[in-house]
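Working through the structure, step by step
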Amino acid sequence: MRIIVGISGASGIQYGVELLKALKGKKIETYLVMSEWAEKLIEIETDYAPKEVKKLAIKSFGNKEMDAPISSSSFLVDGMVVVPCSVKTASEIANAHTGTLLTRAADNVLKMKKTLVLGVRETPLSSPALEQMHKLSLAGAIVMPLAPGFYHKPKEIKDLFSFINGKIMDCLGIENTEFKRWE
Ligand SMILES: Cc1cc2nc3c(=O)[nH]c(=O)nc-3n(C[C@H](O)[C@H](O)[C@H](O)COP(=O)(O)O)c2cc1C
């Protein structure tokens, strides 16, 4: 399975890092594209260097590399996840504003009617931001605010990452036991 992972410059950057690790553990082919602000947030919020995060993917591209394979919908993928997804990136995707590799790849996934999961991170949300998310949902994207549930009784921060990873994998049709399901 081939998945594009986009990481944009919203808080909660570790969600993106943990997802890459979990997908690697499942031998999923991941193609990573990070925005400039994502790289800065990695340095601000984590103990990783951007180059270490890039190594978690099969291949990593710069956000200005418009000639990368994932810039074309002829490069077949099973889906794409943007986590965390900033309001700016979500708005660009909602409006088919494809000025970066990340937003271009997301638009390709939408046009090919594949799964696009957007882990939007912002709180509270403005009316314009909510409108963009509504538009995205109508366009077929799955808007997944990074708001983990607590019914699996998380004990450590990693349990919150697992919850979101499990939900993302569920959307992509990847079998997983990342979190304890409600029964
Ligand atoms: C420390 C920090 C935290 C931020 N957190 C968020 C956030 O949670 N959500 C958001 O939409 N933007 C957040 N931003 C603002 C984005 O980084 C900014 O809008 C940027 O232009 C996003 O660009 P990108 O989507 O291309 O990465 C944050 C910025 C900084 C410096």
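The text that follows walks through the structure, step by step, so that each part is easy to find. (Residues numbered from 1 in each chain as written. Predicted model: local features only at pLDDT ≥ 70, side-chain atom pairs only at ≥ 80, totals over all residues.)

Some remarks on the sheet that holds strand β6 (residues 142-143)
Definition in use: Being paired, for any two strands, means DSSP has found at least two bridges between them. Numbering of helices and strands runs from the N terminus, with a helix taken as a DSSP run of H or I at least four residues long and a strand as a DSSP run of E at least two residues long. Contact criterion: two residues are in contact if their C-beta atoms, reconstructed from the backbone, are within 7 Å. The angle between two axes is taken between their N-to-C directions and runs from 0 to 180 degrees, where each axis is a line fitted to C-alpha atoms and a helix contributes only its stretch in contact.
Pairing is parallel in the open sheet, where 6 strands are placed in the order β3-β2-β1-β4-β5-β6. Whereas interior strands pair on both sides, the edge strands pair on one side only; in this sheet they are β3 (59-62) and β6. Where strand β1 (residues 2-7) lies against strand β4 (residues 79-85), 4 bridges are found, and the strand directions are parallel. Paired with Val-5 across the two strands is Val-81, which belongs to β4. Here helix α1 (residues 13-25) sits on the sheet and contacts β1, β2 (29-34), β4 and β5 (115-120); the angle it forms with β4, its principal contact strand, is near 150°.

Thoughts on unusual backbone geometry
With omega at -10°, the peptide bond leading from Val-83 into Pro-84 counts as cis. For Pro-84, the location among the structural elements is in strand β4. Put simply, Thr-123 and Pro-124 share a cis peptide bond, and its omega is -10°. Inspection of the secondary structure puts Pro-124 in the loop between β5 and α6 (127-138).

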